[in-house]
Amino acid sequence: INKDRLTIKGGEIKNNTAVSKGGAIYSYDTSELTIEGGTISGNSAGSNGGAVNAIDTILKVSGGTFSANTTDEFGGAIYTENTVATIKDGTFTNNSAKYGGAVCAYTSSTTTVSGGTFNSNTATGSRGNDFYVGGSKTEVPTLTLVGGEMDEVGAQYGLVQLGGSVKIKDKV
């Protein structure tokens, strides 16, 4: 998506491959992407965002399942950069990345996660099986976790913060 709006309601997006970014969806340059329900699974990307790569985007995820998505770098299911993202009541399982097995909020992103379940996600670089927050020198991302569950089984760290800020409310 480039300078446009896309809303996905339900359905299934599976088994797609991108050489570089966004195995299923690559959204950039002042776009708006809304995902409501459905299943996004088995997608892969060579660099960032095994399922979704959102750069300079407004990203809204409500419900749905992200499972078995992979990338060689950042954000097994979702990667954000210079993005405002809201993730509400989703299920993230068995996603994998070098950093941020489920979600990577990077460079000037603000990501709010409300509810949902994060279980059995893997960071092969041992940084953030569920979440990875990495900032730049000038602007930093914010990740807020509200409610939900975070799996600690087999995780070196469920959440890793390198720069930026992390606010955790309710339970983790």
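### As for the overall build of the protein
Helix and strand counts for the protein stand at zero helices and 22 strands. With 172 residues in all, the protein has 49% of them scored as buried. Long-range pairs, those at least 24 residues apart, make up 79% of the contacts in the protein between residues at least 6 apart in sequence. Carbon and sulfur atoms make up 44% of the accessible area of the protein, which totals about 7500 Å².

### Considerations on the confidence of the model for the protein
Per-residue pLDDT for the protein averages 81, and the proportion of residues at 70 or more is 74%. The model gives residues 136–141 a pLDDT under 50, and that stretch makes 15 contacts with residues more than four places away or in other chains. Here residues 152–156 scores under 50 on pLDDT; set against residues more than four positions off or in separate chains, the count is four contacts.

### A short note on the pattern of salt bridges
Here the idea is simple: oppositely charged side chains can pair when their charged atoms come close. On inspection of all chains with the given rule, the structure shows three salt bridges. Among the ionic pairs, Glu32 bridges to Arg5, the shortest N-O distance being 3.7 Å. With Glu32 in strand 4 (residues 25–36) and Arg5 in strand 1 (residues 5–9), the pair connects residues that are 27 residues apart, well separated along the chain. In this structure Arg5 comes out as exposed when scored by relative accessible area, which is 65%. Look at the salt bridges and you will find they share partners, linking Arg5, Glu32 and Lys60 into a network.

### So, the packing of aromatic side chains
Counted according to the given criterion, the structure contains seven aromatic pairs. Each ring, one from Phe92 and one from Phe118, has its centre 4.7 Å from the other, and the planes form 5°; the classification is stacked. On the criterion of sequence distance, the pair formed by Phe92 in strand 12 (residues 91–93) and Phe118 in strand 16 (residues 117–119) is long-range, its members being 26 residues apart. Overall, the relative accessible area of 3% leaves Phe118 in the buried class. By the ring-pair criterion, three or more aromatic residues cluster together here, those being Phe74, Tyr79, Tyr99 and Tyr106.

Procedures and definitions
Residues numbered from 1 in each chain as written. Predicted model: local features only at pLDDT ≥ 70, side-chain atom pairs only at ≥ 80, totals over all residues. Heavy atoms only, no water. Helix = DSSP H or I, 4+ residues; strand = E, 2+ residues; numbered from the N terminus. Buried < 20%, exposed > 50% of the residue type's maximum accessible area, 1.4 Å probe, protein only. Contact = heavy atoms within 4.5 Å. Areas by Shrake-Rupley, 256 points an atom, 1.4 Å probe, with all protein chains shown as cover. pLDDT = per-residue confidence, 0-100. Salt bridge = Lys/Arg side-chain N within 4 Å of Asp/Glu carboxyl O. Phe/Tyr/Trp six-rings, centres within 6.5 Å; stacked < 30°, edge-to-face > 60°.

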